[in-house]
Amino acid sequence: MIYHIPCAGINSTPCTGTYVGETERTAFARFKEHTATSTNAQGNFKSAMLQHAKEAGHHFRREDVTILDHEDNWIRRGIKEAIFIKALNPTINLDPGRHTLSTHFDSIIS
């Protein structure tokens, strides 16, 4: 599936940060992976979502996860993820996904 997770912000202050990703697992399992506390050698979280939460003091809620699309085929799922990343322009993603789309598609996607 391709999913979208908005940042819940802090207290009553909303955040405009969002994340788009893809997985063959369930949304719940992937959310748990995103919120795991593992870090890399530099001390940064391996999850862009958790790094954002740490730096901004924000949090993410499992109930805010939205499923954008379902795709069983690994290649097509990666392409769909790239399309949604380009269309929604999530601010928390660190990369464009597995596939980088040509700028020729910009006018079609936006």
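Residues numbered from 1 in each chain as written. Predicted model: local features only at pLDDT ≥ 70, side-chain atom pairs only at ≥ 80, totals over all residues. Heavy atoms only, no water.

Caption draft 1: Local environment of the overall build of the protein. Counting its secondary structure elements, the protein contains four helices and three strands. Shown N-terminal to C-terminal, the secondary structure of the protein runs as helices and strands in the order β-β-α-α-β-α-α. For 110 residues, the compact-globule formula gives about 13 Å, and the C-alpha radius of gyration of the protein, at 14 Å, lands near that figure. Expressed as a percentage of the 110 residues in the protein, the buried residues total 37%. Here the protein displays about 6800 Å² of accessible surface, and carbon together with sulfur accounts for 53% of that area. Distance between charge centres in the protein, computed from 12 positive and 12 negative side chains, equals 4 Å. (Helix = DSSP H or I, 4+ residues; strand = E, 2+ residues; numbered from the N terminus. Rg over C-alpha atoms; globule rule 2.2 N^0.38 Å. Buried < 20%, exposed > 50% of the residue type's maximum accessible area, 1.4 Å probe, protein only. Areas by Shrake-Rupley, 256 points an atom, 1.4 Å probe, with all protein chains shown as cover. Lys, Arg positive; Asp, Glu negative; His and termini not counted. Charge placed at Lys NZ, Arg CZ, Asp CG, Glu CD.)

Caption draft 2: Representation of the sheet that holds strand 2 (residues 18–22) within the structure. The strand order across the open sheet formed by three strands is 2-1-3, and the pairing between neighbours is antiparallel. At either end of the open sheet lies a strand with only one pairing partner, and these are strand 2 and strand 3 (66–69). For this sheet, the mean angle separating the axes of adjacent strands, direction not counted, is 25°. Bridge count between strand 1 (residues 2–6) and strand 2: five bridges; the pairing is antiparallel. The residue bridging Y3 from the neighbouring strand is G21, located in strand 2. On the sheet, helix 1 (residues 27–34) packs against strand 1, strand 2 and strand 3 and is oriented at approximately 50° with respect to strand 1. (Pairing = 2+ DSSP bridges. Axes fitted to C-alpha atoms, helices over the stretch in contact; angles between N-to-C directions. Contact = heavy atoms within 4.5 Å.)

Caption draft 3: Quick peek at the layout of surface pockets. Approximately 330 Å³ is the volume attributed to the largest pocket. Forming the walls of the largest pocket are 20 residues, and the residues nearest its centre are Y19, R30, H34, K46 and D95. Elements with a minimum of two residues in the lining of the largest pocket: strand 2, helix 1 and helix 3 (74–88). The element best represented in the lining of the largest pocket is strand 2, accounting for four residues. Residues of the lining of the largest pocket, tallied by class, amount to seven nonpolar, six polar and seven charged. (1 Å grid on protein atoms, 1.4 Å probe; cavity = no way out; pocket = protein on both sides within 12 Å on 5 of 7 lines; lining within 4 Å. Points joined across faces, edges and corners; volume = space filled by probe spheres on them. Nonpolar A, V, L, I, M, F, W, Y, C, P; charged D, E, K, R; others polar.)

Caption draft 4: Molecular detail of the nonpolar core. M1, Y3, I5, C7, Y19, F31, A48, M49, A53, F60, V65 and I92 together form the largest nonpolar core, which totals 12 residues. Secondary-structure elements contributing two or more residues to this core are strand 1 and helix 2 (48–56). Ranked by residues supplied to this core, first place goes to helix 2 with three residues. Those residues in contact with M49 that sit more than four places away from it in its chain are I5, Y19, F31, H34, F60 and I92. (Core = buried A, V, L, I, M, F, W, Y, C linked by side-chain atoms within 4.5 Å.)

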